[in-house]
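# Per-entry structural report
In case you want the letters, here they are:
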Amino acid sequence: MGRFLPYFLDSNVIIGYCFFVADNWGNEATKIFEDPEKNFTSTTVCSECFGIENGGKCQTIKQTIVREFRRAIAQVTRDPSISNLLSITRDWKIFPILKDIGADSAIRQKDLRDILRAAVNDYNRKYEERMDHIQDPARLTIHRRTEGYKGIWQALNPVMGDPDDVEVVLDAHDLAGTILPIFMYTGDFQNIYTHRKKILELTEISEVHFLGNIR
């Protein structure tokens, strides 16, 4: 993706990377996070993802995934049919994992409960590995903004409609004051990417990229 093009990562990139296969943006977020460019985010994004006391969105998502695995194991204990399990779990976060399990031609000769227990252990291991990567300053630098940028905030807030998203954009703008160019990556089409032109007009951000456009 070119030479030294520092990225500012929105929360959907962080969350997508942490939860990979169980997140809509998992593949795209992994491509962005693991390419050679320098990754930045902010204390605002980290608070949203990891919280201060309650673990933030990541803790909530992790609890949902663990609960879904537990429910899946209970389901196959009652009914060892993989097709029935896939039918019930189509809207679950772990459905892509269950679908891969169901694609195994030898699944009928195996105990689904053991397979699911192994799957949740494997998922937890990979999650912890990715959390270690997120917390490694060599892989992700966390920027702390101290300036309020009242004028830009007042101009963007009525347009974007979500004060929290405005704060994240201002974090990227503040970072661009010391590091240029800054390319912001987000999975938020409605509140951020839709207003890309206005953001670029008012801030020092060089470009806003939508994860949905990543190939």
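Located above this text is the structure these notes cover.
Scope of this entry: the structure provided in the associated data block. (Residues numbered from 1 in each chain as written. Predicted model: local features only at pLDDT ≥ 70, side-chain atom pairs only at ≥ 80, totals over all residues. Heavy atoms only, no water.)

## Quick notes on the pairing of strand 2 (residues 39-42)
Residue alternation in strand 2 divides its side chains into two sets, Asn39 and Thr41 and Phe40 and Ser42, and both sets are buried. Where strand 2 and strand 3 (residues 141-143) come together, three bridges link them in parallel fashion. Note on strand 3: the bridge partner recorded for threonine 41 is isoleucine 142. (Buried < 20%, exposed > 50% of the residue type's maximum accessible area, 1.4 Å probe, protein only. Helix = DSSP H or I, 4+ residues; strand = E, 2+ residues; numbered from the N terminus. Pairing = 2+ DSSP bridges.)

## Focus: the state of the cysteines
Under the definition given, this model contains zero disulfides. Of the cysteine sulfurs around cysteine 49, a residue in no disulfide, the closest is that of cysteine 58, at 5.0 Å. Classification of cysteine 49 as buried rests on a relative accessible area of 0%. With no disulfide of its own, cysteine 58 has cysteine 18 as its nearest cysteine by sulfur position, at a separation of 4.5 Å. (Disulfide = S-S within 2.5 Å.)

## What about the side chain of aspartate 165?
In this fold, aspartate 165 is placed in helix 9 (residues 163-176). Put simply, aspartate 165 is tucked away with no salt bridge, and the nearest opposite charge, on lysine 57, sits 7.4 Å away. Each residue touching aspartate 165, except ones within four places of it in the same chain, is listed here: Met160, Asp188, Asn191 and Ile192. (Lys, Arg positive; Asp, Glu negative; His and termini not counted. Salt bridge = Lys/Arg side-chain N within 4 Å of Asp/Glu carboxyl O. Contact = heavy atoms within 4.5 Å.)

## Topic: the layout of surface pockets
In this structure, the largest pocket spans a volume of roughly 380 Å³. Along the walls of the largest pocket sit 22 residues, with Ile15, Asp23, Asn24, Trp25 and Lys93 positioned nearest its centre. At the level of secondary structure, the elements contributing two or more residues to the lining of the largest pocket comprise helix 1 (11-19), helix 6 (95-102) and helix 9. Residue contributions to the lining of the largest pocket peak at four residues, all from helix 1. Tallied by class, residues from the lining of the largest pocket come to seven nonpolar, four polar and 11 charged. In this structure, the second largest pocket spans a volume of roughly 180 Å³. (1 Å grid on protein atoms, 1.4 Å probe; cavity = no way out; pocket = protein on both sides within 12 Å on 5 of 7 lines; lining within 4 Å. Points joined across faces, edges and corners; volume = space filled by probe spheres on them. Nonpolar A, V, L, I, M, F, W, Y, C, P; charged D, E, K, R; others polar.)

## Here's the deal with empty space enclosed by the protein
Inspection of every chain in the model, using the stated rule, returns one cavity of 30 Å³ or more. Roughly 30 Å³ of volume is contained in the largest cavity. If you trace the largest cavity, you find it lined by Phe19, Lys62, Ile65, Val66, Tyr123, Asn124 and Tyr127. Within the lining of the largest cavity, the residues separate by chemical class into five nonpolar, one polar and one charged.

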